[in-house]
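Each chain, written out:
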Amino acid sequence: MLTDAVVMDGLGDVDVLRYRRTEIREPASGEVVLRVLATAVNHLDLELRSGASRMPLTFPHVLGREVVGEIIELGQDVTGWAVGDRVVVLPNTPCGTCLECTTGRSNLCLRGFMPGITGWGGYAAHMTVSARGLLRAPDVDPVLAAATPISFGTAWRMLYSIANLVPGETVVVAGAAGGLGHAVVQVARFGGARVIGLVSSPAKTDFVLACGASAVLDTTDEHWPDQVRELTDGCGADVVVEHIGGTVFEQALTSLARSGRMVVGGGHGGEHPRFDVIEAFRNEYRVFGSRSQQPHEVARVLQLLADGHIRPAVDDVLPVAEAARAHELIAARGVRGKLVLTP
Ligand SMILES: [Zn+2]
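Note that the coordinates shown come from a computational prediction; the quantities given were computed from them, not determined experimentally. (Residues numbered from 1 in each chain as written. Predicted model: local features only at pLDDT ≥ 70, side-chain atom pairs only at ≥ 80, totals over all residues. Heavy atoms only, no water.)

1. Structural notes on the overall build of the chain
Okay, step 1: A tally of helices and strands in the chain yields eleven helices and 15 strands.
Okay, step 2: Radius of gyration (C-alpha) of the chain: 20 Å, near the 20 Å computed for a compact globule of 343 residues.
Okay, step 3: The principal-axis extents of the C-alpha atoms in the chain amount to approximately 65 × 40 × 35 Å.
Okay, step 4: Counting the 343 residues in the chain, one finds 55% classified as buried.
Okay, step 5: In the chain, once contacts between residues fewer than 6 apart in sequence are set aside, the share between residues at least 24 apart is 68%.
Okay, step 6: Looking at the chain as shown, the accessible area adds up to about 15100 Å², and 51% of this sits on carbon and sulfur atoms.
Okay, step 7: Of the charged side chains in the chain, 30 are positive and 38 negative, and the gap between their average positions amounts to 3 Å. (Helix = DSSP H or I, 4+ residues; strand = E, 2+ residues; numbered from the N terminus. Rg over C-alpha atoms; globule rule 2.2 N^0.38 Å. Buried < 20%, exposed > 50% of the residue type's maximum accessible area, 1.4 Å probe, protein only. Contact = heavy atoms within 4.5 Å. Areas by Shrake-Rupley, 256 points an atom, 1.4 Å probe, with all protein chains shown as cover. Lys, Arg positive; Asp, Glu negative; His and termini not counted. Charge placed at Lys NZ, Arg CZ, Asp CG, Glu CD.)

Right, dumping it as structure tokens:
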């Protein structure tokens, strides 16, 4: 069928994002066609577009990793879904058969379907997708549902699947005003933790407090780990969620309590920070990597959204035809929370 989509014929600047009529494929066995209701823009989309992500794309290509839609057509052998159902497309649909998938680590699957990367995503009015990659959408504004899976699903993974956070612990969140950071603040508060947010600009303090942090510290003051100790009776942070790297990583290690856990999910600010081995073993610091999300983690945060426990910050909603402008706004770092595209 014909649809309107933002199609890329190659890598490059925002002018490779061209809105035009295009043909999408008929649903094969096990697939459905969606009418797209909302698609969130991720920073990764900019890196996929420019080639900086180094992930191979097949052209023509359509971006869009976080999609909410309504089923308008069922392929053969689709069970459990009906025309009219509202769905969230999983950002990562595991293959289900590889070693990682069969041993409970499907977030590490390298053979799964990733909309907007391994196939066409949601920068379009319609999308053909496997029914295996769908979750039932919560009964909320599709714009909010589209802004939830990646940031909040990752937050859930970091805090509960990896760090085993329990109520009463203190969590320090780096980049607390960003897409991931503001999600970590909310998901940690939901679990009864006390949250200390880190920002690089005092202008973001009120936003982070409104997300549920009980204190906000400025990382441009290198003594912020001392302030964490003051706020915790000298103990330090039980859990640090770190995705900045560089000096923030180095300082964050010194903010940990004895046997504290640090979960690492990014490093744009410096990929090779110094690491004090002596301090690490004497204090039994635990440092974990975190990659992507599993379907049950996305389902969990969609339920939190439905129940009103979390609310993604949506800076603006733009027509999908203006995807290039959305990329420019994100590149200019003027966006607080998420940008979402609608047809
Ligand atoms: Zn797999």
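There is more to say after this.
2. Focus on the nonpolar core
Generally speaking, nonpolar side chains in soluble globular proteins are found buried as a group.
Okay, step 1: By size, the foremost hydrophobic cluster in this structure holds 51 residues, and its most contacted members are Leu159, Leu165, Val171, Val185, Val187 and Val208.
Okay, step 2: A total of seven residues in this core trace back to one element, the largest contributor, which is helix α4 (residues 149-162).
Okay, step 3: A domain-level breakdown of this core finds at least three residues from each of domain 1 (2-147 + 313-342) and domain 2 (151-289).
Okay, step 4: Counting 23 residues, the second-largest nonpolar core is a separate cluster that includes Ala5, Leu17, Ala124 and Ala326. (Core = buried A, V, L, I, M, F, W, Y, C linked by side-chain atoms within 4.5 Å. Domains from an automatic or database assignment.)

3. Some remarks on the packing of α4 against helix α5 (residues 179-190)
Okay, step 1: Relative to each other, α4 and α5 sit at 55 degrees, their axes nearing to 8 Å. Relative to α5, the element α4 is oriented oblique. The interaxial crossing formed by α4 with α5 has right-handed handedness. Here Ser151, Phe152, Thr154, Ala155, Trp156, Met158, Leu159 and Tyr160 of α4 lie close against α5, whose contacting residues are Gly179, Leu180, His182, Ala183, Val184, Gln186, Val187, Ala188 and Phe190.
Okay, step 2: Among the residues forming the contact of α4 with α5, the class breakdown is twelve nonpolar, five polar and no charged. (Axes fitted to C-alpha atoms, helices over the stretch in contact; angles between N-to-C directions. Parallel < 35°, antiparallel > 145°, perpendicular 65-115°, else oblique. Left-handed = near helix turned anticlockwise from the far one by under 90°. Nonpolar A, V, L, I, M, F, W, Y, C, P; charged D, E, K, R; others polar.)

4. Notes on the coordination of the zinc ion
Okay, step 1: Bound to the zinc ion are the protein donor atoms Cys95 (SG), Cys98 (SG), Cys101 (SG) and Cys109 (SG), situated 2.3 to 2.4 Å from the metal.
Okay, step 2: In this structure, the zinc ion is surrounded by four donor atoms whose angles at the metal cover 105 to 115 degrees, and the resulting shape is tetrahedral.
Okay, step 3: Residue cysteine 95 is classed as buried on the basis of its relative accessible area, which comes to 18%. (Donors = N, O, S within 2.8 Å, 3.2 Å for Na, K, Ca; no water. Tetrahedral: all angles 85-135°; square planar, octahedral: opposite > 155°, others 65-115°.)

5. So, the environment of leucine 108
Okay, step 1: By the secondary structure assignment, leucine 108 is in the loop between α2 (99-102) and β6 (126-130).
Okay, step 2: Taking relative accessible area as the criterion, leucine 108 reaches 34% and is therefore assigned partly exposed.
Okay, step 3: Sequence spacing of leucine 108 and arginine 54 is 54 residues, and the spatial spacing of their C-alpha atoms is 18 Å.
Okay, step 4: Those residues in contact with leucine 108 that lie beyond four places of it in its chain are Glu100 and Arg291.

6. Regarding the sheet that holds strand β13 (residues 286-289)
Okay, step 1: Strand order in the open sheet formed by six strands is β10-β9-β8-β11-β12-β13, with parallel pairing between adjacent strands. The two strands at the open ends of the sheet, each matched to only one other strand, are β10 (215-218) and β13. Sheet twist, expressed as the mean angle between neighbouring strand axes with direction ignored, is 20 degrees.
Okay, step 2: Here five bridges tie strand β11 (residues 237-242) to strand β12 (residues 256-264), and the two strands are oriented parallel to one another. Within β12, the position partnered with valine 239 by the bridge is arginine 261.
Okay, step 3: The strands touched by α4 are β8 (170-173), β11, β12 and β13; relative to β12, the strand with the most contacts, the crossing angle is about 140 degrees.
Okay, step 4: The strands touched by helix α7 (residues 224-231) within the sheet are β8, β9 (194-199), β10, β11 and β12, with β10 carrying the most contacts at an inclination of about 160 degrees. (Pairing = 2+ DSSP bridges.)

7. Things to note about unusual backbone geometry
Leaving glycine aside, a negative phi is the common case for residues, and trans is the common case for peptide bonds.
Okay, step 1: Cis geometry is found at the peptide bond from phenylalanine 59 to proline 60, where omega equals -5 degrees.
Okay, step 2: In this fold, proline 60 is placed in the loop between α1 (43-50) and β4 (66-74).
Okay, step 3: A positive phi angle, near 60 degrees, is found at serine 292, a position not held by glycine.
Okay, step 4: Looking at the secondary structure, you find serine 292 in the loop between β13 and α10 (295-306).

8. Details of the pattern of salt bridges
Okay, step 1: Overall, the coordinates contain twelve salt bridges when judged by the stated rule.
Okay, step 2: We note a salt bridge from arginine 274 to glutamate 250, for which the minimum N-O separation is 3.1 Å. Here arginine 274, found in the loop between β12 and α9 (277-282), pairs with glutamate 250, found in helix α8 (residues 246-254); they are 24 residues apart in sequence, far enough to count as distant.
Okay, step 3: Taking the relative accessible area as the measure of exposure, arginine 274 reaches 64% and is therefore exposed.
Okay, step 4: The structure contains a network of salt bridges with shared partners spanning Asp9, Arg18 and Arg20. (Salt bridge = Lys/Arg side-chain N within 4 Å of Asp/Glu carboxyl O.)

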